[in-house]
Amino acid sequence: MPRLLRYTLLLIVLAIALIGGLIYSLTWRPAARETLPVTCTGTPPTLVPGQALKVMTWNVQYLAGKRYVFWNDQAQGPDEAPTPEDMAFSLDEVARVIRDEQPDVVLLQELDDGAKASDYQNQLKLLQERVTDLYPCSAYAFDWKADFVPDPHIFGSVGRQLATLSRYRIEHAERLQLPVPPANIISRQFEPRDALLATKLPLSDGGQLTVFNTHLDRARQPDDTLQAQVTAVAKVLDKYESQGLPWLIGGDFNLLPLGQYQRLPAEQRTPYSIDSALHLLWDKYPMIPTNNEASGIDRAHWLTHYPNDPGLNGPDRTVDYLFYSPKIKRVQAMVRQDDTLRISDHLPVIARFLLPATP
């Protein structure tokens, strides 16, 4: 082999190794299952069998507010980042709603930590400073993290979290990786990695309530990812149910309930399928809102998503839910709409339950 050719091949190999090493150092590859740190201050109370439990789930859209149409929204607007002033306003508003509702457990999605687009804020820490007297316990899990993403709209770091705040003691937390969308080996390193954040709250009789928090894939076009993710979630829940362990899950599932696909204008249906993968859960487990609520005569009260789109003037679909073990009893439920429409592109879903009593 001529010397020049050998040197050229060597340089190519070294360049590939250098690029590969750089990508590896900038990106994040979580394990399929990871134990997470739990933060508890003071001596938080322990859950009691048979007690009432109020739960809120809310995608707070990295505190961006509603004055933007972002490049990665379905409407594909021009905006890339909110201003610090808008994030400060949204932070105060999220804290206001939480303090007003005072749920026992808060499940939050899309809180940023170290992301260029949100001015490198640790948004969970900022929120905790405003509600620390209510929630002594917390746990969080990243579902998107990289020191640098080369996409021209980002061109910097990303860091996005699920976070669970609890008035009651959390004794264990873990992150469970969900299936990821298909992509080539390079671009996959920079994409979100959706997950379940599982927090285990002990009961005074020695039992345990597991609360799951999640944010499923936001697809641009229908593919098999959401089906695979819901299948994985169902497998986890089925295991708990088969063992007689109480559980509940809340989050942004990015899937429609029965009957809403047909009600959306054709241009708004693009990310969804007429056969919602969510039926894998609602066929077996109670859902808030129910299909009857979300598509019935009072369906407007149960809409949870107000997409960033100049053609819309209010929420038009339901994609955020609470599911729970049949051992748990629903007492009340609502979507808080009246004073939350300008805080995030999602609205908080709130429910009160009764935990199963000791046999």
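Given the structure is predicted, the values throughout are model-derived calculations rather than measurements. (Residues numbered from 1 in each chain as written. Predicted model: local features only at pLDDT ≥ 70, side-chain atom pairs only at ≥ 80, totals over all residues. Heavy atoms only, no water.)

Enquirer: Hey, could you run me through helix 2 (residues 84-101) in this one?
Expert: Helical geometry: 3.6 residues make up each α-helical turn, so side chains three or four residues apart lie on a common side. Under the 1.5 Å per step criterion, the end-to-end length of helix 2 is 26 Å for 18 residues, consistent within 8% with the ideal 26 Å. Residues of helix 2 that are buried: Asp86, Met87, Ser90, Leu91, Glu93, Val94, Ala95, Val97, Ile98 and Glu101. Of the surrounding elements, those touching the buried residues of helix 2 are strand 3 (52-59), strand 4 (105-112), helix 3 (123-131) and strand 14 (349-354). Within two residues after helix 2, Gln102 carries a phi angle of roughly 45 degrees, on the positive side. (Helix = DSSP H or I, 4+ residues; strand = E, 2+ residues; numbered from the N terminus. Expected span 1.5 Å × (residues − 1). Buried < 20%, exposed > 50% of the residue type's maximum accessible area, 1.4 Å probe, protein only. Contact = heavy atoms within 4.5 Å.)

Enquirer: It is not clear to me how the sheet that holds strand 5 (residues 137-149) should be interpreted in this structure. Could you clarify?
Expert: In a beta sheet, neighbouring strands are held together by backbone hydrogen bonds and run either parallel or antiparallel to one another. Ordered by their spatial adjacency, 7 strands build an open sheet running 2-5-6-4-3-14-13, and the pairing between neighbours is mixed. If you trace the sheet from one side to the other, it starts and ends with strand 2 (39-40) and strand 13 (329-335), each paired once. Across 5 bridges, the pairing between strand 3 and strand 4 is parallel. When the sheet's bridge partners are listed, Val55 is paired in strand 4 with Val105. Sitting on the sheet, helix 2 is in contact with strand 3, strand 4 and strand 14, with an inclination near 165 degrees to strand 3. (Pairing = 2+ DSSP bridges. Axes fitted to C-alpha atoms, helices over the stretch in contact; angles between N-to-C directions.)

Enquirer: Before we go on, may I ask you to explain the UniProt feature "domain: Endonuclease/exonuclease/phosphatase" (unreviewed entry) in the chain in this structure?
Expert: UniProt feature "domain: Endonuclease/exonuclease/phosphatase" (unreviewed entry): in the numbering of this structure it lies at residues 56-346. Across residues 56-346, helical content stands at 20% and strand content at 27%; the span's end C-alpha atoms are separated by 13 Å. (UniProt positions renumbered as here; feature names shortened; annotations may be inferred.)

Enquirer: For this particular structure, what's the right way to read empty space enclosed by the protein?
Expert: Take a probe with the size of a water molecule and roll it over the atoms, and the empty space left behind shows itself. A full pass over the atoms with the stated rule returns 1 cavity of 30 Å³ or more. Along the walls of the largest cavity sit Gln61, Tyr62, Phe70, Asn72, Asp73, Glu110, Arg160, Arg218, Asn308 and Asp345, which together make up its complete lining. Residue composition of the lining of the largest cavity, grouped by class: 2 nonpolar, 3 polar and 5 charged. (1 Å grid on protein atoms, 1.4 Å probe; cavity = no way out; pocket = protein on both sides within 12 Å on 5 of 7 lines; lining within 4 Å. Points joined across faces, edges and corners; volume = space filled by probe spheres on them. Nonpolar A, V, L, I, M, F, W, Y, C, P; charged D, E, K, R; others polar.)

Enquirer: Would you explain the sheet that holds strand 9 (residues 208-215) in this entry?
Expert: If you walk across this open sheet you meet the 7 strands as 1-7-8-9-10-12-11, and the pairing is mixed. Among the strands making up the open sheet, the edge pair consists of strand 1 (33-36) and strand 11 (287-288). Where strand 11 meets strand 12 (residues 320-324), 2 bridges bridge the pair, whose relative direction is antiparallel. Pairing of Met287 across the sheet is with Phe323, part of strand 12. Contacts from helix 4 (residues 225-242) reach strand 7 (172-177), strand 8 (195-202), strand 9 and strand 10 (247-252) within the one sheet, and its direction differs from that of strand 10 by about 160 degrees.

Enquirer: Help me understand the state of the cysteines in this model?
Expert: Think of a disulfide as a covalent bridge from one cysteine sulfur atom to another cysteine sulfur atom. Per the counting criterion, the structure on display carries 1 disulfide. The side chain of Cys40 participates in a disulfide bridge whose partner is Cys137; the two sulfur atoms lie 1.9 Å from each other. Note on the Cys40 and Cys137 pair: the S-S dihedral is about 120 degrees, so by sign convention the disulfide is right-handed. Separated by 97 residues along the polypeptide, Cys40 in strand 2 and Cys137 in strand 5 bring together distant segments of the chain. Residue class for Cys137 comes out buried when judged on its relative accessible area of 0%. (Disulfide = S-S within 2.5 Å.)

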